[in-house]
Structures are given as structure tokens and as C-alpha cells.
Amino acid sequence: MGEKGVGGVGGGGGGGVRVVVLVRKFDQEKDSRRVEEVERRCEVGPSGELSLFTDLLGDPICRVRHSPSFLMLVAEMVGEGKEKEIVGMIRGCIKTVTCGRKLSRNGRNSNDPTKPLPVYTKLAYILGLRVSPSHRRMGIGLKLVCKMEEWFRENGAEYSYIATENDNQASVSLFTDKCGYSKFRTPSILVNPVFAHKIRLPKRLHIFKLSPSDAESFYRRRFSTTEFFPRDIDSVLNNKLSLGTFVAVYSDSYPTESWPGSDSFLSDPPESWAVLSVWNCKDVFTLEVRGASRVKRGFAKTTRLVDKALPWLQLPSVPEVFRPFGLHFMYGLGGEGPRAVKLVKALCGHAHNLAKERGCGVVATEVSSREPLKLGIPHWKRLSCAEDLWCIKRLGEDYSDGSVGDWTKSPPGLSIFVDPREF
């Protein structure tokens, strides 16, 4: 993965015994069990309330492992006569993404000089910051963030960003008040349950599955100037966790039943079309809802039994979320035309059916809060997050391209591209 070794020492003490906090690189063989213990302590939910728990399936770096460059750090308490104890951890990754657009001035886009070109920047992402509840308010979280940002700078990252819940005041305060981040984007996380029945799709519909190379061509031609679009989209689409890219059209406007290829399709597209890709998070981590009463569990079970017995009624049912369940993530959503919203809804139905076949509990996606196609994405409000919060920070004074200026001050566009490797 190409990262450099990281070390750092902080002071502390208590009871006459000198204790220091060492921030070092995560050792998979030595640290995995102790990291899992910290994760469990951090996920104890409020008494009497529903809480969401994540099982990383024995791989603490699973959520950054597929990024081009990644690192995980742990904070370890070290003291004389005391056993070393891991009390915190943080993950980070770096990739190149689109931060803006510009018009060609050197002939690189000679076929259509009015078509904008993407402006790329090296972007770092912080996720999975955890501090054991018994060791909070000691500056450990700040120390972990600072050490991770050192690694970002050493590896040429120009910006760093984090995603957190809008109402997580401790996290928002740490990053905006102490670490110099500013609130940047507020995307929506939309989650829909996987029912016991299959979703019926419109009969006048063609859904084409693209090869990874054709999907790459499609995305680069139509979405490369979308904010956060990953320059290594080919790595995403060729990853074993990517289950396919699907394009939907209506047969009355596009009668052919075979895919003509991205270049041919985009050269003469139908009036309306939509596209999305599916990522298999189920093989990376599982989720579980805890804290539900017997009444809620019983009601959920009843809805599933009725749905399973009477699938032709297409009744919504509560999935089995009270034991570990997997999810599929829909990414790269896009489309054009007056019926694009309906086509997106159809593709979401197709993704639902794929998730049902693979035993998932939910399907999810994350889109810009201003995304016009958001209206076509089925979701349950109680499972979704209307406003996630992304905060960003500029790490250096120099820019890779001056045509954008300071990205942190740029206004939001209609769409963003959410990388499934970091969901």
C-alpha cells in the first residue's frame, strides 16, 4: 500500500505512574483483536434506544483496503508496569478526484472545445475515528487526526475531508473547532429495505449490463467532471466487489435489445436513460440493529411472513435487521431526459432484486441533497439520513490547478460521485 511508518508520543499520567500515548501504525496480526474490543466499547448505544452496530468481519481496515493508498493508526497507552492498551484508532486513504472543471486551451479536447474538462486534485479521507469511552477528553482523537494529516501531507494530498452525522456534536466540534475543517457538503444517505418479494419492473424496459471497460468509458464521457469523481474509476469498476453497471431505457424510444457499446449509445442517446452501479458491501461488513423491544421484533417478523406468503400483493415488509445483515450500495447514479427519474426508480428496483437474491437486508445510496434524480430513489425515511455532513480542509498552499482556486470555498453542484470503496 506504500505508506510510510508513523510514530508519535504524547504525555499523560495518573496515580503516580507516568503514562504516555503512542500513535503508531496498525499491525494486523498483533492489533486486530484489541482493535475489535475498542470498536465494541464505542458502539454501546443508549439504554432503551435503537442502535446500529457494525461488524467488520475480522478486518479492521476493510473500509479503506480497496483505496489506492491507505493507512490505519492506533493510539496505545504505555506505562511502567502496565500492559499496553489500545485506546483509539483512525483510518485514512488518499486518491485523485475531480474538484472542478475547465475549458480546454491546449487542444486536448479538440473534438469539442466547448466541453469542459475535469480538474483533478489529490484528496485524503478520514474515517473510522474511535476513542475508547474511558479515555475521551484526553486529546487522543486530536492526536490521531494530526498524525494522519502528517501522512496525508507527506504523500502529496492537497485536501482532506471527513463525513459525520450532523448531530454528532463531539465529532463536528473536533474537526471544525480544533482541526480547522469547514462544513462543505450535506449529501443524503437513502436506505431502502429488501422485501420478501421481488420488485416488479416496467415491461416496456430494457436494462443492459455493461462490461467494466464499457462502464469506464461511459462514466468518463458523462461524469468525469462531477465533483468527487475518482480518477481511477477503472479500479472501482473492475473490483470484485462491484457487481455491475446497469443502463435502463424505454423500449419505445430504444427498440434494440442488445447493448451497442458506450460510444455508440452516447453518440445518439435515446430521449431518456439512467445508469447506476452496485457494490457488494455484504462481503466487507455487516450491520445489526440492537435495542428493539419484543413488540417491534414481533411486528417486523409478522410483516415478513405476510410478504413471503402473499408476494403478489407487493406489501412492504421490515427486513431482518435485528441480527447481522448485509447491504448493497448503489453508486454512480445518473441519467438524462424527461423520464430519467422513472428509469432511476426502475434501476433501484433491479438493484433491490439483485440484493434479495444475495441475501441482503437493505440497499443504500448516497447522493447530493440537490440531486434532481433523488426523487426516483425509493427509501424509508426512518432508515435514511436526510443530511449527512462532509467537512473539508485545505492541507497546503499550492494547488494542482489554479483554475479552481480554493476548493473549500466552491459552491455545491447538483451532483456528487460517492466512491463505494469508502461507504
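Residues numbered from 1 in each chain as written. Predicted model: local features only at pLDDT ≥ 70, side-chain atom pairs only at ≥ 80, totals over all residues. Heavy atoms only, no water.

Student: For this particular structure, what's the right way to read the overall build of the chain?
Tutor: The helix and strand inventory of the chain stands at eight helices and 16 strands. Out of the 423 residues belonging to the chain, those deemed buried represent 52%. The long-range fraction of contacts in the chain, counting pairs at least 24 apart against all pairs at least 6 apart in sequence, stands at 81%. (Helix = DSSP H or I, 4+ residues; strand = E, 2+ residues; numbered from the N terminus. Buried < 20%, exposed > 50% of the residue type's maximum accessible area, 1.4 Å probe, protein only. Contact = heavy atoms within 4.5 Å.)

Student: Hey, could you run me through the packing of helix α2 (residues 140-154) against helix α3 (residues 169-178) in this one?
Tutor: For any two helices packed against each other, the geometry is given by the interaxial angle and the distance between the axes. In the contact formed by α2 and α3, the axes pass within 11 Å of each other and the chain directions differ by 55°. In terms of orientation, α2 and α3 fall into the oblique class. Considering the relative orientation of α2 and α3, their crossing is right-handed. Counting all contacts with α2, which are made through G141, L142 and V145, the residues of α3 involved are L174, F175 and K178. In the contact of α2 with α3, the residues fall into four nonpolar, one polar and one charged. (Axes fitted to C-alpha atoms, helices over the stretch in contact; angles between N-to-C directions. Parallel < 35°, antiparallel > 145°, perpendicular 65-115°, else oblique. Left-handed = near helix turned anticlockwise from the far one by under 90°. Nonpolar A, V, L, I, M, F, W, Y, C, P; charged D, E, K, R; others polar.)

Student: Would you mind showing me how to read the nonpolar core here?
Tutor: Proteins that are soluble and globular tend to have nonpolar side chains buried together. Counting 66 residues, the largest nonpolar core has F218, F265 and W407 as the members making the most contacts within it. At five residues, strand β5 (residues 85-103) tops the list of elements feeding residues into this core. In this structure W407 touches V97, T98, C99, T121, L123, Y159, F184, E227, F228 and I392, once residues within four positions along its chain are discounted. Core analysis: the second largest hydrophobic core is formed by 29 residues, V19, I94, L174 and L395 among them. (Core = buried A, V, L, I, M, F, W, Y, C linked by side-chain atoms within 4.5 Å.)

Student: What's the story with the sheet that holds strand β9 (residues 188-193) in this structure? I'm lost.
Tutor: Across a sheet, strands are paired by hydrogen bonds formed along the backbone, either parallel or antiparallel in direction. Strand order across the open sheet formed by six strands is β9-β15-β14-β12-β11-β10, with mixed pairing between neighbours. If you trace the sheet from one side to the other, it starts and ends with β9 and β10 (205-210), each paired once. Between one strand and the next, the sheet's axes are offset by a mean angle of 25°, whatever the strand orientation. Inspection of the sheet shows β9 paired to strand β15 (residues 362-367) by six bridges, in the antiparallel sense. For S188, the partnering residue across the bridge sits in β15 and is V367. Packing against the sheet, helix α8 (residues 340-357) makes contact with β9, β10, β11 (242-250), β12 (273-280), β14 (327-336) and β15, and its axis sits at approximately 25° to β12. (Pairing = 2+ DSSP bridges.)

Student: Looking at this structure, I do not really get the side chain of K393. What am I missing?
Tutor: By secondary structure assignment, the location of K393 is in strand β16 (residues 388-394). One polar contact links K393 to E149, side chain to side chain, over a distance of 3.0 Å. For K393, the side chain forms a polar contact with the main-chain oxygen of C179, separated by 2.8 Å. Non-local contacts of K393, meaning those with residues more than four positions away in its chain, are made with E149, R153, E158, Y159, S160, C179, G180, Y181 and T408. (Polar contact = N/O pair within 3.5 Å; in protein donor to acceptor, adjacent residues only side chain to side chain.)

Student: Quick question: what am I supposed to make of α2 here?
Tutor: Because each turn of an α-helix spans 3.6 residues, side chains separated by three or four positions in sequence point in the same direction. Under the 1.5 Å per step criterion, the end-to-end length of α2 is 21 Å for 15 residues, consistent within 8% with the ideal 21 Å. Here α2 has its buried residues at I140, G141, L144, V145, K147, M148, E149, W151 and F152. With its phi angle positive at about 85°, G156 sits one or two positions after the end of α2. (Expected span 1.5 Å × (residues − 1).)

Student: What exactly am I supposed to notice about the confidence of the model for the chain here?
Tutor: Note that predicted coordinates carrying low pLDDT should not be read in detail. Summing up the model confidence of the chain, the mean pLDDT is 87 and the portion of residues at 70 or higher is 83%. Low pLDDT, under 50, characterises residues 1-14; the predicted model gives this stretch 34 contacts beyond four residues in sequence or across chains. (pLDDT = per-residue confidence, 0-100.)

Student: Please explain the environment of F246 as it appears in this structure.
Tutor: With respect to the element layout, F246 can be found in strand β11. Residue classification places F246 among the buried positions, given a relative accessible area of 6%. Along the backbone, F246 and H350 are 104 residues apart, and their C-alpha atoms lie at a distance of 9.1 Å. Setting aside residues up to four positions removed in sequence, F246 forms contacts with I207, F208, K209, A274, V275, L276, V278, L347 and H350.

Student: Can you help me understand the pattern of salt bridges in this one?
Tutor: Side chains that differ in sign of charge can pair as their charged atoms come close. Per the stated rule, a full pass over the model turns up 25 salt bridges. The closest approach of N and O atoms between R222 and E336, which form a salt bridge, is 2.2 Å. One end of the pair, R222, is in helix α4 (residues 212-223); the other, E336, is in strand β14, with 114 residues separating them in the sequence. (Salt bridge = Lys/Arg side-chain N within 4 Å of Asp/Glu carboxyl O.)

Student: I'm lost on the pairing of β5 in this one. Help?
Tutor: Each regular strand displays side chains that alternate between the two surfaces of the sheet. Within β5, 14 of the 19 residues are buried, which leaves it mostly tucked inside the rest of the structure. Where strand β4 (residues 69-79) lies against β5, nine bridges are found, and the strand directions are antiparallel. Opposite M77, over in β5, you have E85 as the bridge partner. In the sheet, β5 pairs with strand β6 (residues 116-131) via 14 bridges, with the strands oriented antiparallel.

Student: Would you take a moment to explain the environment of K203 for this structure?
Tutor: Mapped onto the secondary structure, K203 falls in the loop between β9 and β10. Sequence separation between K203 and S251 is 48 residues, and the spatial gap between their C-alpha atoms is 8.8 Å.

Student: Just to check I follow, could you spell out helix α1 (residues 28-42) for this structure?
Tutor: In this model α1 runs 20 Å from its N-terminal to its C-terminal C-alpha over 15 residues, within 8% of the 21 Å that 1.5 Å per residue would give. Along its length, α1 reaches its greatest deviation from straightness, about 25°, at R34. For α1, every residue scored as buried is listed here: D31, S32, R34, V35, V38, E39 and C42. Backbone nitrogen of E29 and a side-chain oxygen of the N-cap are separated by 3.1 Å at the start of α1; the cap is D27. (Bend = angle between axes of the 7 residues up to and from the residue.)

Student: How should I be thinking about the state of the cysteines in this particular structure?
Tutor: Note on terminology: disulfide describes a covalent bond linking the sulfur atoms of two cysteines. On inspection of all chains with the given rule, the structure shows zero disulfides. Looking at the unpaired C146, the closest cysteine sulfur is the one in C179, lying at 5.6 Å. C146 gets classed as partly exposed once you look at its relative accessible area, which sits at 36%. (Disulfide = S-S within 2.5 Å.)

Student: Quick question: what am I supposed to make of the side chain of E422 here?
Tutor: When you line up the elements, E422 lands in the segment after β16. At 3.0 Å, the side chain of E422 and the side chain of K95 are in polar contact. Sequence-distant contacts of E422, defined by excluding residues within four places in its chain, comprise R63, S67, C93, K95, Y125, L127 and Y161.

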